[in-house]
Amino acid sequence: MARVTLQVLDGADRGAVFTDVVTPLTIGREEGNTIQLNDERISRFHVKIQEDQGKVVLTDLESTNGTRVNGLDTQLRILQVGDLIAVGRSTLLFGAREEIADRVEVLRALGARAPSDSMVEKATGPMESRAQRVDESVGGIDLHWGSDSIGFPGTLHLPGPPDLPEGLTPAQAAQVVEMLEYFHLRTRALLHGAIAPDGDGPIAIERQRWHELIDLQAQIAQYLRRIGEAT
């Protein structure tokens, strides 16, 4: 079982720190949760955090107002040190101050790019000042959250593809391969229909291909929802 630390950055319980909490744990507004928050917009049992195969996994427990990690709606998510978890009017920072400081030093050593203040505000919500926004000074180290190329708030770790799941049975591995192959083939067909002009102008695709791309995105969203509901 993993031990995790969660710091409340915003909300009625702002400033509370839950240190070395043993997983699995739940967060909600009622007694019986491992972490009970005073927030009427949080569901009775809002999220669950557990360890699975060496990863710390957050699961939204079909909450009324949903859960956001780093500004993105989330049903199921592997957590990384420095992730921002928004539930109701509360924002929690995943990781102890020392863990985050160590991670920042690793990123600095590797030359990670820091986003603009406006990008951080997308992840944390508008605040009156930099210090109030995230309590960003951790042992004298300013925290910066990475971002991807299309403007979504990222996480405090190096950008890159996620790890493949480990410990799959042969049947589960075959299912994963089948899903990836399906999306790969559909994406390749869409890319082959793109029209690329000379120079650096925008690439165009036919309207039918555009609708196929939207349909593909919808299918991925449905897969993500079904996987979240099955856990």
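All values reported here derive from a predicted model rather than from experimental measurement.

Let us look at the packing of helix α4 (residues 170-192) against helix α5 (residues 207-230). Where α4 meets α5, the closest approach of the two axes is 10 Å, and the angle between their N-to-C directions is 165°. In terms of orientation, α4 and α5 fall into the roughly antiparallel class. In the packing of α4 onto α5, the handedness of the crossing is left-handed. Seen from α4, the contacting residues are M179, Y182, F183, R186, T187, A189 and L190; seen from α5, they are R209, E212, L213, D215, L216, Q219, I220 and Y223. Residues belonging to the contact of α4 with α5 are distributed by class as follows: 9 nonpolar, 2 polar and 4 charged.

Pairing in this open sheet of 5 strands is mixed, and the strands run β4-β3-β5-β6-β9 from one edge to the other. Of all strands in the sheet, those bounded by a partner on one side alone are β4 (35-36) and β9 (76-78). As paired strands, strand β3 (residues 25-28) and β4 are joined by 2 bridges and run parallel to one another. Looking at β4, one finds that I27 is bridged to I35.

What follows deals with the environment of T187. Its location among the elements puts T187 in helix α4. The sequence separation of T187 and L216 amounts to 29 residues, and the corresponding C-alpha distance is 8.4 Å.

On to the pairing of strand β1 (residues 3-10). β1 sits mainly inside the fold: 6 of its 8 residues count as buried. Bridge count between β1 and strand β2 (residues 17-22): 4 bridges; the pairing is antiparallel. Counterpart to Q7 in the pairing with β2 is V17. From the end of β1 to the start of β2, which pair antiparallel, there are 6 residues, and G11 there has a positive phi angle of about 115°.

Let's shift gears to helix α1 (residues 97-109). Taking 1.5 Å per residue, 13 residues should reach 18 Å; α1 reaches 18 Å between its end C-alpha atoms and fits that length. Considered for burial, the residues of α1 that qualify are I100, A101, V104 and L107. Down the axis of α1, the sector holding all buried residues measures 125°, keeping them to one side. Along α1, the residues that are exposed and aim more than 90 degrees away from the buried face are E98, D102 and A109.

With that out of the way, let us pick up the sheet that holds β2. Pairing within the open sheet is antiparallel, and its 6 strands lie in the order β2-β1-β11-β10-β7-β8. The sheet terminates laterally at β2 and β8 (72-74), the two strands that pair on one side only. Taken over all neighbouring pairs, the strand axes of this sheet differ in orientation by 30° on average, direction set aside.

A separate point is unusual backbone geometry. The amide bond that connects T23 to the next residue, P24, takes the cis arrangement and shows omega of 0°. Mapping P24 onto the fold places it in the loop between β2 and β3. The backbone of Q53 shows a phi angle near 55°, a positive value even though the residue is not glycine. By the secondary structure assignment, Q53 is in the loop between β5 (47-52) and β6 (55-60). A positive phi angle, close to 55°, is found at E62, a residue other than glycine.

Opposite charge on two side chains permits pairing when their charged atoms draw close. Counting across every chain of the model gives 6 salt bridges. A salt bridge links R44 to E30; the shortest N-O distance between them is 3.1 Å. Highlighted residues: R44 in the loop between β4 and β5 and E30 in the loop between β3 and β4, separated in sequence by 14 residues. Under the relative-accessibility criterion, R44 is labelled partly exposed at 44%. With relative accessibility at 28%, the residue E30 sits in the partly exposed group.

Cut-offs used in this document
- Residues numbered from 1 in each chain as written.
- Predicted model: local features only at pLDDT ≥ 70, side-chain atom pairs only at ≥ 80, totals over all residues.
- Heavy atoms only, no water.
- Axes fitted to C-alpha atoms, helices over the stretch in contact; angles between N-to-C directions.
- Helix = DSSP H or I, 4+ residues; strand = E, 2+ residues; numbered from the N terminus.
- Parallel < 35°, antiparallel > 145°, perpendicular 65-115°, else oblique.
- Left-handed = near helix turned anticlockwise from the far one by under 90°.
- Contact = heavy atoms within 4.5 Å.
- Nonpolar A, V, L, I, M, F, W, Y, C, P; charged D, E, K, R; others polar.
- Pairing = 2+ DSSP bridges.
- Buried < 20%, exposed > 50% of the residue type's maximum accessible area, 1.4 Å probe, protein only.
- Expected span 1.5 Å × (residues − 1).
- Arc of directions from axis to C-beta.
- Salt bridge = Lys/Arg side-chain N within 4 Å of Asp/Glu carboxyl O.

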